[in-house]
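Reading the structure
Each chain, letter by letter, is given below.
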Amino acid sequence: MRALRMEISSRSSNTPIQSKTSDGRSPQLLPPIGKAEIGFSGTPASLKSPTETKARFHAGCVPKQSIYMDWNSVRADKKKHSVKHSRQKKTKSLASFKDAEEQETISHYLNRNKDYLETYILESVPQDVVEKWLHMKMKNNAINVHPKLSYNRPSASHDHSRTTKQMFMDILKIYKEDPREHTVLWQLAKSVATSIGVETYRVYKLFPDHPTFVQHFVIDHTKLPQNQPVPSTLERSDPQQVELVLEVAKKGTSKRVSRFDDPLRFPETPLSLLKSCNSRNKQGNYILYQPIITKSGKTSYVLEMWRTKDRFKVIDEEISGHIVVWGSVALHYCKLYVDKKRERNMSDFLLDVVKAIFEEMVSLDQLIKRILEFAQRLVNADRASLFLVDYRNSELVSTVFDLKFEPGLDLDMEKKEIRMPINRGIAGHVALSGETMNIPDAYSDYRFNRDVDEATGYKTISILCMPIKVEGKVIGVVQMVNKRDDKYFGDDDEAAFEIFSTFFGLALHHARLYDRIMRKEQKYRVALEVLSYHNTCREYEVQAMLLDKEPLNVDFADFYLDPFRFDEFEKCKCIISMFRDLFDMTQFDITTLTRFTLTVKKNYRTVPYHNFDHGWTVAHAMYAILKSDVKERFDYNKRLALFVACLCHDLDHRGYTNKYMSETASPLAAMYTTSTLEHHHFNITVTILQQDGHNIFSHISSEDYKEILGFIRHCILATDLAAFFPNLDKIRELYRSDEAQFSWDDPSHRDLAMAISMTAADLSASAKPWEIQIKTVKVIFEEFYDQGDKERAAGRIPIPMMDRNKPEEQPASQVGFLSQICIPCYDMLYRILPNTKPMYAMATKNLNRWKARADKILFKQDSKKDNSKDSLEPKDGIGDDDDDVTVKNEGNKRVEIIRQESKTIIGEAQPKPVVWNDDEEFAVEQTFRSNIWKEIDGVTWIEEEGVLVASEATKKDDTV
């Protein structure tokens with residue numbers, strides 16, 4: 001006030017003060033206060049009658065009544081209604097003035113010059129002082145409005161000079177002591193109620209997902225609002241009594257209500273108000289609703305504040321709204337803290353869930369019960385159920401229904417299955433919509449099925465139902481019933497369970513996959529048992545073989561032994577005899593060996609060529625190769641692996657090529673990307689060895705057994721012609737120089753030798769005498785034609801070699817096959833094992849015979865075409881095996897078979913063949929070279945299924 005008097009004195013000295021008015025303009029200079037403004041009695045001029053004369057230079061100082069209220073009337077009203085202690089306080093606050101006239105003068109001056117007062121406060125008074133003044137003003141108004149209510153007056157323990165900042169600090173203090181949301185919320189409600197002076201209040205909790213569901217905190221009716229402890233329970237509010245609450249929550253703005261203005265919608269007076277007034281006849285007449293908005297913009301709580309006599313004013317709304325804004329910040333951080341704490345607890349909880357999942361993965365039912373037990377613990381539900389979605393039958397299937405919350409429950413419950421339509425009940429709605437449902441009152445929801453409650457006598461109150469999704473598809477529904485520590489499931493339960501449902505879905509999905517795999521494994525075992533029964537030799541066959549003592553007078557070392565002379569029983573005896581001759585029988589059981597041999601025979605399919613006869617022929621060829629190796633360059637385990645691999649190398653062959661298996665999307669091709677059939681042959685071999693009474697290696701050490709199996713696998717995979725060419729290339733490189741670099745001491749060289757030996761034995765039909773060769777080629781092409789028929793039936797055109805309508809392709813195909821594959825193979829085998837020369841020699845003779853046949857067929861075809869023309873061009877050299885042969889293609893393209901050193905499909909020149917001049921039967925021309933077909937006159941010869949044939953792209957008619 002001293003500063004204010006100095007300012008007024010400065011005005012009297014005509015000292016201008018620059019300030020701004022409320023509308024932003026610079027005010028005019030204020031004139032000094034003269035006696036003309038004040039009457040001789042000391043009364044301000046503004047209080048005199050309008051007829052009294054005013055100083056002309058003070059005429060512009062009168063404030064506009066449209067902007068400023070009549071402060072004289074306010075002051076008169078204040079004098080009329082103020083209490084005794086208020087007058088005393090005012091007198092004391094103005095005691096520093098010299099006399100009443102001076103007080104009147106200053107008050108009159110400030111009333112007439114409010115622009116100046118505003119400028120002074122804005123520029124000179126600190127903000128906290130202004131806020132303190134405002135708070136004191138609001139408190140005084142509240143006291144003056146309710147002079148007879150003692151509990152609305154400030155008590156000795158309350159400092160009504162506290163600012164909003166101090167209230168906020170009090171809320172933060174409570175937050176630090178107890179960071180629960182309800183604790184902070186109740187302190188906020190108490191601060192608002194105390195600030196605006198209410199007789200009682202109530203806090204409502206809203207559920208945004210359920211607009212008509214409202215709860216309120218239950219308070220102690222025996223205590224005044226200022227002394228109420230933090231409520232621990234919530235009750236559902238009567239829907240008819242919360243109509244205004246829902247309206248405020250929807251709009252998100254405060255609302256003042258009077259019983260006299262809207263008696264039909266005005267709610268009943270709460271019991272707490274009647275208790276606090278000590279009278280049951282009184283009732284509340286005025287309500288102020290204040291919403292508490294969350295960060296997302298939704299109303300989470302609504303404060304309902306009551307008065308019995310005095311209306312709520314705009315200032316009450318402003319005060320409560322201002323405090324709630326700051327309190328909402330504390331609530332927000334409270335939720336953040338609770339969320340972080342919940343996340344930490346959830347991490348520990350989910351870790352336990354994951355451990356339990358892996359422990360219970362063996363049984364789907366046990367896993368479901370285990371996870372449901374965790375889910376009940378998470379949300380503290382009394383009952384739990386899981387429904388799996390059966391889309392095929394449009395049903396929900398439950399094997400765990402109405403699981404009761406009992407921590408010590410033995411999960412080995414009786415398995416029962418319950419089925420219900422997918423469009424029935426709350427679980428069905430969640431399964432179809434994929435949305436979570438949190439229902440506080442089950443009986444108020446039309447989708448709730450009451451049949452279960454009526455049948456069991458159980459009372460369902462609240463339900464939390466959530467879908468279990470995998471890759472966006474609902475595979476199940478989890479339903480929690482009745483929260484044990486509360487009446488309803490809250491948002492926290494819903495959020496926690498949503499996180500848990502992700503792990504639940506993964507666990508359920510993988511458990512179902514595991515269960516499906518286990519079921520398929522059982523089916524596989526049953527199928528394997530059935531197949532083993534039908535693919536295993538009978539015991540009487542074993543006994544018949546063991547009892548047969550008739551000797552076999554056969555020279556098994558003969559490379560040219562005719563396999564067609566033996567029946568299947570004799571061939572099995574031959575296998576056992578050759579096995580006895582090659583290996584030490586003290587390490588083998590004869591009964592096991594016999595059973596193994598007979599079962600191998602039974603596991604060969606009855607296809608034209610790749611049958612047991614072929615397996616026997618290859619095994620015999622390997623026997624002859626091993627017997628010819630008098631130096632025994634292969635050690636014992638390798639010899640054993642080579643012989644067994646030859647016997648089993650085409651087990652369960654389907655009569656089709658690897659290429660055909662891949663093109664028809666065979667399951668075998670899906671299992672093995674390369675060497676499809678060869679991998680399958682090895683697996684069948686291992687399967688037979690693993691059957692009871694079939695492991696012929698049971699008496700050898702485990703180390704030797706593993707090594708032999710590895711050799712068998714290597715040998716069987718080497719029979720794939722796709723592997724032959726790289727092997728041939730590698731071993732040729734070792735013999736390229738004048739001095740051979742091949743060494744039997746090198747393990748990699750020995751592996752190459754085993755691979756070449758396997759290919760030579762597999763192709764041994766081409767090294768048999770001509771009569772045997774013709775029979776073999778006939779059954780080979782019968783198998784080729786079967787595949788060609790299937791390709792034609794599927795709408796594809798088979799290659800000429802497999803076309804039943806083109807038998808004339810056989811000689812040309814055999815020429816290419818022998819010259820391209822067989823001759824190079826036997827040539828290299830002879831370099832490694834010199835005593836295998838009969839195989840090379842006979843293959844060479846057969847090649848010449850096939851060439852002659854091919855030439856005759858081509859000559860006949862050319863003759864037929866030439867006879868239809870007017871002129872005929874003579875051809876020479878047909879049928880000459882020693883010279884270059886010129887042939888005409890089907891498309892009338894000339895193809896020349898060039899015998900010269902050239903690159904094969906693996907890219908290198910072939911070595912010179914070996915010639916035995918001392919044996920006329922095996923003598924071959926010195927000029928012969930193992931050559932290949934080349935592209936001549938535009939005709940390209942390609943390798944198809946191990947045979948050289950003319951490319952279809954080059955078979956075009958060309959007139960000579």
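Residues numbered from 1 in each chain as written. Predicted model: local features only at pLDDT ≥ 70, side-chain atom pairs only at ≥ 80, totals over all residues. Heavy atoms only, no water.

**Regarding the overall build of the protein chain**
How we decide: Secondary structure elements are taken from DSSP: a helix is a run of H or I of four residues or more, a strand is a run of E of two residues or more, and numbering for both begins at the N terminus. Exposed residues in this analysis have more than 50% of their type's maximum accessible area, buried residues have under 20%, and partly exposed residues fall in between, with area computed by a 1.4 Å probe over protein chains only. Each accessible area is a Shrake-Rupley result for a 1.4 Å probe, and residues are judged covered by the shown protein chains and nothing else.
Within the protein chain one finds 29 helices and 16 strands. When burial is assessed residue by residue, the protein chain has 48% of its 960 residues classed as buried. For the protein chain, the computed accessible surface area is about 50,200 Å², with 52% contributed by carbon and sulfur atoms.

**Thoughts on the UniProt feature "binding site: Zn(2+) 1" (unreviewed entry) in the protein chain**
For the record, the criterion: UniProt positions are given in the numbering used here, feature names are shortened, and annotations may be inferred rather than shown by experiment. Note on contacts: a residue pair is in contact if any heavy atoms of the two residues lie within 4.5 Å. Between N or O atoms, a polar contact is any pair within 3.5 Å; within protein, one atom must be a potential hydrogen donor and the other a potential acceptor, and residues adjacent in sequence are included only when both atoms are from side chains.
Residues annotated in UniProt with the feature "binding site: Zn(2+) 1" (unreviewed entry) correspond here to His 614, His 649, Asp 650 and Asp 762. Across 149 residues in sequence, these annotated residues keep their C-alpha atoms within 9.7 Å of one another, forming a single compact spot. Here His 649 shows up in the loop between helix H20 (636-648) and helix H21 (658-663). Setting aside residues up to four positions removed in sequence, His 649 forms contacts with Tyr 604, His 614, Gly 615, Val 618, His 681, Ile 716, Thr 719 and Asp 762. At a separation of 3.1 Å, a polar atom in the side chain of His 649 contacts the side chain of His 614. You can call Asp 762 buried: its relative accessible area is 15%. A polar side-chain atom of Asp 762 sits 3.0 Å from a polar atom in the side chain of His 614.

**Some words on the UniProt feature "binding site: AMP" (unreviewed entry) in the protein chain**
In the numbering used here, UniProt assigns the feature "binding site: AMP" (unreviewed entry) to His 610, Asn 611, Phe 612, Asp 613, His 614, Asp 650, Asp 762 and Gln 814. Position of His 614 relative to the elements: it lies in helix H19 (residues 612-628). Those residues in contact with His 614, other than ones at most four positions away along the chain, are Tyr 609, His 649, Asp 650 and Asp 762. Gln 814 sits in the buried class, given a relative accessible area of 6%.

**Examining the nonpolar core**
The nonpolar side chains of a soluble globular protein tend to be buried with one another. The following threshold applies: Each nonpolar core is a collection of buried residues, namely Ala, Val, Leu, Ile, Met, Phe, Trp, Tyr and Cys, held together in the definition by side-chain atoms within 4.5 Å.
Phe 697, Ile 712 and Tyr 826 are the most contacted members of the largest nonpolar core, which has 106 residues in total. Counting residues per element, this core draws most heavily on helix H28 (residues 809-832), at eleven residues. Filtering out sequence-adjacent residues up to four positions away, Phe 697 remains in contact with Phe 588, Leu 640, Val 644, Leu 689, Tyr 705, Ile 708 and Ile 712. Among the nonpolar cores identified, the runner-up in size contains 31 residues, and Met 346, Phe 349, Val 379 and Phe 489 belong to it.

**Some thoughts on the packing of helix H25 (residues 721-734) against H28**
As a reminder, the rule being used: Working convention: axes come from line fits to C-alpha atoms, limited for helices to the stretch in contact. Angles between N-to-C directions cover 0 to 180 degrees. Any angle that falls under 35 degrees is termed roughly parallel, while one over 145 is termed roughly antiparallel, one within 65 to 115 roughly perpendicular, and all others oblique. Note on convention: the crossing is left-handed when the near helix lies turned anticlockwise from the far helix by less than a right angle, right-handed when the turn is clockwise. In this count, Pro and Cys sit with the nonpolar residues alongside Ala, Val, Leu, Ile, Met, Phe, Trp and Tyr, while Asp, Glu, Lys and Arg are called charged and the others, Gly among them, polar.
Where H25 meets H28, the axes come as close as 11 Å, and the angle between the chain directions of the two elements is 45°. By the criterion of interaxial angle, the relationship of H25 to H28 is oblique. Relative to H28, the crossing made by H25 is left-handed. For the pair H25 and H28, contact is made by Leu 721, Phe 724, Phe 725, Leu 728, Ile 731 and Arg 732 and by Gln 820, Ile 821, Pro 824, Cys 825, Met 828 and Ile 832, respectively. Here the contact of H25 with H28 is composed, by residue class, of ten nonpolar, one polar and one charged.

**Topic: the pattern of salt bridges**
Quick reminder of the rule: A carboxyl oxygen of Asp or Glu within 4 Å of a side-chain nitrogen of Lys or Arg is what we treat as a salt bridge.
Within this structure, the stated rule accounts for 34 salt bridges. Between Arg 311 and Asp 261 there is a salt bridge whose closest N-O contact spans 3.1 Å. Taken as a pair, Arg 311 in the loop between strand E6 (299-307) and helix H11 (314-359) and Asp 261 in the loop between strand E4 (255-258) and helix H10 (271-276) lie far apart in primary sequence, 50 residues in all. The exposure class assigned to Arg 311 is partly exposed, which follows from its relative accessible area of 41%. Overall, Asp 261 belongs to the exposed group, its relative accessible area being 55%. The shortest N-O distance in the salt bridge between Lys 627 and Asp 581 comes to 3.1 Å. Taken as a pair, Lys 627 in helix H19 and Asp 581 in helix H17 (residues 568-582) lie far apart in primary sequence, 46 residues in all. Residue class for Lys 627 comes out partly exposed when judged on its relative accessible area of 35%. Each of the salt bridges in this network shares a partner with another, and the network as a whole consists of Glu 243, Glu 247, Lys 251, Lys 255, Asp 262 and Arg 265.

**A word on H20**
Applied cut-off: Every helix has an expected span of 1.5 Å times one less than the residues it contains.
The end-to-end C-alpha distance of H20 is 19 Å, a good match for the 18 Å that 13 residues give at a rise of 1.5 Å each. The buried count for H20 comes to twelve of 13 residues, which makes it a mostly enclosed element. Turning to H20, its buried residues number three or more, namely Asn 637, Lys 638, Arg 639, Leu 640, Ala 641, Leu 642, Phe 643, Val 644, Ala 645, Cys 646, Leu 647 and Cys 648. On its buried face, H20 is in contact with H17, helix H18 (590-602), H19, helix H23 (676-690), helix H24 (702-718) and helix H26 (747-762). Capping of H20 at its N-terminal end is provided by Asp 635; its side-chain oxygen lies 3.4 Å from the backbone amide nitrogen of Asn 637.

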